[in-house]
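# Observations on the model geometry
So you can see what is in the structure, the chains are spelled out below.
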Amino acid sequence: MRKGFAFLLLLIVFSGFSTARGEDTLRLKVMTYNLRFGERASLEELAELIRSEQPDFVAIQEVDCRTRRNGVDHQHDKDFSTELGWRTGMFPLYGKTIPYAGGWYGIGILSSHPYIGVQKVMLPQATEKEEPRAMLVALFEIGDDTVAFASTHWALTKESRLLQSEAVIRQAETCAYPLVLGGDFNAKPKASEIRMMCRRWKVLTDREPTYPSHRPTVKIDYLFGYPSEAWVLESTRVIPSELSDHRPVVSVIRRVSPR
């Protein structure tokens, strides 16, 4: 029964349905934010920052669920994605990557729009000793339009990031709908794994540094759109916040459908 449901869900998310009203354009506000498991802020503070931007979608990383981390007592037993969804008025989705500190640690999506289906895709890594990584991708209804949005958090090693870049590119090629991906990619703009993404994806941010939050010197947080010709970047900015060790990135983008 579970295998049948998983197969049906896969068909829903990555099947070749046609989008309605193909000549329309769709404007979205999208965001990506590594939360650092809430070490530096309360969920109320993080939710207030997100809510103040009124985004359509948020890709979140380092998201805890019911953990009891040493030194992070204020977040013990919290279900981050569910509580952030409640506090922002958005729909929450969660993808566990590892069990940790009595609970789970992973990635998530917050959406202002109802979803049709969701899938967690585990990404390859160069060695078994590395932390598992994933991409959480979901299909959403926006009026008469259908859009895919995804969140990811790539590895610390270049060898694994190259494998993960290839896997994400292959996954995007199976998606029948325009896709936006946000995440912490742990790679600078000139890194070969980021350049691989740029060959087929539209970069939906600028090069302003995002890490560390108190005095950013490197950019490792990005938003991408696939296919490249389907998306136009209207505006982007890095939010000067120190609620995490990463600064959040928010972009206004426009989808241009083929006529």
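Keep in mind the model is a prediction, meaning the values are calculated, not measured.

Attention now goes to the overall build of the protein. Regarding its fold elements, the protein presents five helices and twelve strands. Within the structure as shown, the protein displays about 11,900 Å² of accessible surface, and the carbon and sulfur contribution to it stands at 52%.

What follows is about the pairing of strand S1 (residues 25-34). Summarising burial for S1: seven of the ten residues are buried, a large majority. Bridge count for S1 against strand S12 (residues 249-256) is eight bridges, and the pairing is antiparallel. Considered in S12, the bridge of Met31 is made with Val250. In this sheet, strand S2 (residues 57-65) lies alongside S1 in parallel orientation, the contact comprising five bridges. Bridge assignment links Met31 to a residue of S2, and that residue is Val58.

For the protein, mean pLDDT is 92; residues scoring 70 or higher make up 90% of the total. Note that residues 1-23 has pLDDT below 50 and, in this model, 32 contacts with residues that lie over four places away or in other chains.

Relative to the 22 Å expected for 16 residues at 1.5 Å per residue, helix H4 (residues 158-173) spans 23 Å between its end C-alpha atoms, a close match to the ideal helical length. Listed as buried for H4 are Ser160, Arg161, Gln164, Ser165, Ala167, Val168, Ile169, Gln171 and Ala172.

The next point concerns the side chain of Ser251. Structurally, Ser251 is set in strand S12. Here the side chain of Ser251 touches Leu204 through a polar contact of 2.6 Å, landing on its backbone oxygen. Looking at Ser251, its side chain comes within polar contact range of the side chain of Thr236, at 2.7 Å. Those residues within four positions of Ser251 in sequence are excluded, and the remaining contacts are Leu28, Lys29, Val30, Leu204, Thr205, Leu223, Leu233, Ser235 and Thr236.

Grouped together as the largest cluster of nonpolar side chains are 26 residues, with contacts concentrated most on Val168, Leu179, Leu181, Met197 and Trp201. Of all the secondary-structure elements, those providing two or more residues to this core are strand S5 (115-123), strand S6 (133-142), strand S7 (145-153), H4, strand S8 (179-184), helix H5 (192-198) and strand S10 (221-226). Ranked by the residues each element gives to this core, the list is headed by H4, at four residues. Those residues within four positions of Leu179 in sequence are excluded, and the remaining contacts are Val137, Ala148, Phe149, Ala150, Ala172, Trp201, Phe224, Gly225, Tyr226 and Trp231. Core analysis: the next-biggest nonpolar cluster, separate from the first, contains 23 residues, Phe57, Ile107, Ala134 and Val180 among them.

Contact geometry for helix H2 (residues 43-53) and helix H3 (residues 80-88): axes closest at 9 Å, N-to-C directions at 50°. Considering their axes alone, H2 and H3 lie oblique with respect to each other. In this structure, H2 meets H3 at a crossing whose hand is right-handed. Two secondary-structure elements touch here, H2 through Leu43, Glu44, Leu46, Ala47, Ile50 and Arg51 and H3 through Phe80, Glu83, Leu84, Arg87 and Thr88.

In spatial order, the strands read S5-S6-S7-S8-S10-S9; together these six strands make up an open sheet with mixed pairing. The open sheet is flanked by S5 and strand S9 (202-203), the only strands paired with a single partner. Two elements, S9 and S10, share two bridges in a ladder whose sense is antiparallel. In the sheet register, Val203 faces S10, and the bridge partner there is Phe224. Here H4 sits on the sheet and contacts S5, S6, S8 and S10; the angle it forms with S5, its principal contact strand, is near 150°.

What counts, and where the lines are drawn
Residues numbered from 1 in each chain as written. Predicted model: local features only at pLDDT ≥ 70, side-chain atom pairs only at ≥ 80, totals over all residues. Heavy atoms only, no water. Helix = DSSP H or I, 4+ residues; strand = E, 2+ residues; numbered from the N terminus. Areas by Shrake-Rupley, 256 points an atom, 1.4 Å probe, with all protein chains shown as cover. Buried < 20%, exposed > 50% of the residue type's maximum accessible area, 1.4 Å probe, protein only. Pairing = 2+ DSSP bridges. pLDDT = per-residue confidence, 0-100. Contact = heavy atoms within 4.5 Å. Expected span 1.5 Å × (residues − 1). Polar contact = N/O pair within 3.5 Å; in protein donor to acceptor, adjacent residues only side chain to side chain. Core = buried A, V, L, I, M, F, W, Y, C linked by side-chain atoms within 4.5 Å. Axes fitted to C-alpha atoms, helices over the stretch in contact; angles between N-to-C directions. Parallel < 35°, antiparallel > 145°, perpendicular 65-115°, else oblique. Left-handed = near helix turned anticlockwise from the far one by under 90°.

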